[in-house]
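Single-letter residue listing:
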Amino acid sequence: MAEKKHYRSIISREAQLLHIPTVSVKNMIEGGVDIIDARMVQGSVVISIDHFKRILASLRNIFGGKVTAYESLVDRARREAILRMKEKSPNADIVLNTRIETSTIGRSANNRKSIGSIEAMAYGTAVSYRK
Amino acid sequence: LKYSPKELKTNVNVTQTSSLKEFFILIGGVLAFLVVGYGALGFLVDFIAPRLPYKIEQALSGPFGHNIFDVKKNKESEELERILGELLDVMPGEVGSYRVTLVDDNLVNAMALPGGSIIVFAGLMNEVESEEELAFVLGHELGHFANRDHLKGLGRGLVFYSLFVLLLGSDSSLAELIGGSLAGVQVKFSQHQEMMADMYALDLLNRRYGQVTGAMRFMEKLASKEKKGRLAYYFSTHPHPKVRIANIKSKIRN
């Protein structure tokens with residue numbers, strides 16, 4: 001299944017990029033560092049819902065409860081977006097002020113005429129120090 | 001402040017479940033609801049249909065006309081009307097106004113339309129050899145009217161459709177997924193109705209002619225022409241001719 005393959009890729013790339021902290025604070029908290037570069041970086045990904053997930057979710061709509069079929073979809077999209085953002089700045093020391101936005105693409109996820117997709121976009125400020 | 005990278009092994013944002021297991025639990029719930037709802041409302045329909053006054057039945061059957069067919073008027077149709085009239089004379093209970101129409105088509109078939117109209121296709125007239133055989137066919141269709149089978153069919157169809165719209169909305173891909181699963185039950189039910197109509201026709205034949213050999217001859221003719229096996233008849237609306245013969249024989253014995 002495409003999802004399992006994607007998760008394997010996400011986990012291995014996350015391990016590779018673990019040395020770049022991604023934080024949501026706006027200002028540098030570390031003192032005594034000399035900033036030589038600061039630039040905005042962003043990464044985004046669009047992931048489609050498959051038919052099986054949609055059927056599972058519409059069954060879930062009848063009874064209510066956690067829509068687990070979509071949980072992994074959103075999780076994958078957000079982690080992939082952060083990964084792509086980090087891959088844009090492989091030499092950065094930290095990414096500050098990280099934000100994630102999620103939106104739907106395609107008219108409506110539960111409309112039978114169109115299969116919906118979600119887009120996740122992560123953006124932040126990549127900062128490099130003088131060493 | 002020292003940053004020491006650490007990999008997280010668990011993911012709290014995704015519930016760890018098997019999606020296949022969840023699918024079967026959910027679909028099981030939907031099916032259970034449909035079966036229970038369909039069963040309960042279906043029995044309600046079967047309870048109400050025979051008790052519905054004849055006038056309401058007529059009003060409900062308004063849209064089912066027979067003017068879509070190529071109607072034939074000749075000696076044969078007059079003969080049909082005469083046999084029907086004689087059967088109606090011996091029909092027990094409340095007798096409505098029934099009509100018979102001969103339709104110019106090679107189909108070997110007859111059917112009962114809601115509203116008391118019996119359609120006989122010309123192909124059938126070539127097959128039958130005696131008045132009694134024809135009377136059996138007409139009696140069978142009269143049996144459907146007497147048992148209010150068409151009303152039950154309409155009612156059950158309505159129940160089925162309402163349940164689907166209630167559950168899934170009128171525009172859902174799930175409707176197709178579950179759609180076929182209850183059709184088997186519906187067919188089985190109508191096979192029982194066909195048997196009851198046969199029994200009703202036998203009774204009418206016995207009242208009118210004092211014997212039922214015509215019915216046996218007609219069914220045996222059908223059986224000899226039938227090439228499909230019994231298994232193929234499981235999903236058919238009518239029972240296999242041999243099964244119908246067996247039932248007729250046991251009825252005669254009683």
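Scoring rules and cut-offs
Residues numbered from 1 in each chain as written. Chains lettered and ligands numbered in written order. Predicted model: local features only at pLDDT ≥ 70, side-chain atom pairs only at ≥ 80, totals over all residues. Heavy atoms only, no water. Salt bridge = Lys/Arg side-chain N within 4 Å of Asp/Glu carboxyl O. Helix = DSSP H or I, 4+ residues; strand = E, 2+ residues; numbered from the N terminus. Buried < 20%, exposed > 50% of the residue type's maximum accessible area, 1.4 Å probe, protein only. Pairing = 2+ DSSP bridges. Contact = heavy atoms within 4.5 Å. Axes fitted to C-alpha atoms, helices over the stretch in contact; angles between N-to-C directions. Patch = residues over 30% accessible without salt bridge, like charges linked within 9 Å, V, L, I, M, F, W, Y side chains within 5 Å. Areas by Shrake-Rupley, 256 points an atom, 1.4 Å probe, with all protein chains shown as cover. Core = buried A, V, L, I, M, F, W, Y, C linked by side-chain atoms within 4.5 Å. Parallel < 35°, antiparallel > 145°, perpendicular 65-115°, else oblique. Left-handed = near helix turned anticlockwise from the far one by under 90°.

**Q** Run through the pattern of salt bridges, naming residues and quoting values.
**A** Considering all chains together, one arrives at 16 salt bridges over all chains under this definition. The residue Glu80(A) makes a salt bridge to Arg84(A) at a minimum N-O spacing of 2.9 Å. Taken as a pair, Glu80(A) and Arg84(A) lie in helix H3 (residues 68–88) at a separation of four residues, close to a single helical turn. For Glu80(A), a relative accessible area of 4% gives the class buried. The closest approach of N and O atoms between Arg82(B) and Glu131(B), which form a salt bridge, is 3.0 Å. Taken together, the residues Arg82(B) in helix H3 (residues 75–90) and Glu131(B) in helix H5 (residues 131–146) connect sequence positions 49 residues apart. The partly exposed category is assigned to Arg82(B), whose relative accessible area is 35%. Note on Glu131(B): relative accessible area 25%, which makes it partly exposed.

**Q** I'd like a rundown of the sheet that holds strand E3 (residues 110–113) of chain B, residues and numbers included.
**A** Residue and element names in this part refer to chain B. Strand order in the open sheet formed by four strands is E1-E2-E4-E3, and the pairing between neighbours is mixed. Two strands bound the open sheet, and with one partner strand each, they are strand E1 (71–72) and E3. Sheet topology note: the strand E2 (residues 99–103)/strand E4 (residues 117–121) ladder contains five bridges and is parallel. Within E4, the position partnered with arginine 99 by the bridge is serine 117. Of the strands in this sheet, E2, E3 and E4 touch H5, which is tilted by about 25° from E3.

**Q** How would you sum up the sheet that holds strand E1 (residues 35–48) of chain A? Please name residues and give values.
**A** Residues and elements named next belong to chain A. Pairing in this open sheet of three strands is antiparallel, and the strands run E1-E3-E2 from one edge to the other. Unpaired on one side and paired on the other, E1 and strand E2 (94–105) mark the two borders of the sheet. Within this sheet the neighbouring strands show an average axis-to-axis angle of 10°, counted without direction. Of the pairings in the sheet, the one linking E2 to strand E3 (residues 117–129) comprises 10 bridges and is antiparallel in character.

**Q** Now, about a nonpolar patch on the surface: what can you tell me, with residues and values included?
**A** A surface patch of nonpolar side chains, amounting to about 360 Å² of accessible area, comprises Leu41(B), Leu44(B), Phe47(B) and Ile48(B). With respect to the element layout, Phe47(B) can be found in helix H1 (residues 19–48).

**Q** So what's going on with the nonpolar core? Residues and values would help.
**A** Of all hydrophobic cores here, the largest spans 36 residues; its most connected members are Leu80(B), Leu84(B), Ile118(B), Val120(B), Phe136(B), Leu138(B) and Leu142(B). Breaking this core down by element, the ones donating at least two residues are H3, E2, E4, helix H4 (122–127), H5, helix H8 (183–209), helix H9 (213–225) and helix H10 (241–253) of chain B. Considering every element that reaches this core, the biggest residue donor is H5(B), with seven residues. Judged by nonpolar contacts, the second largest core, of 22 residues, contains Ile10(A), Ala57(A), Ala77(A) and Ala92(A).

**Q** Before we move on, could you go through the packing of helix H2 (residues 51–63) of chain A against H1(B) and cite the residues and values that matter?
**A** With their axes 10 Å apart at the nearest point, H2(A) and H1(B) run at an angle of 45° to one another. Taken as axis vectors, H2(A) and H1(B) run oblique relative to one another. Between H2(A) and H1(B) lies a crossing of left-handed hand. Here Phe52(A), Ile55(A), Leu56(A), Leu59(A), Arg60(A), Ile62(A) and Phe63(A) of H2(A) lie close against H1(B), whose contacting residues are Ser19(B), Leu20(B), Glu22(B), Phe23(B), Leu26(B), Ile27(B), Gly29(B) and Val30(B).

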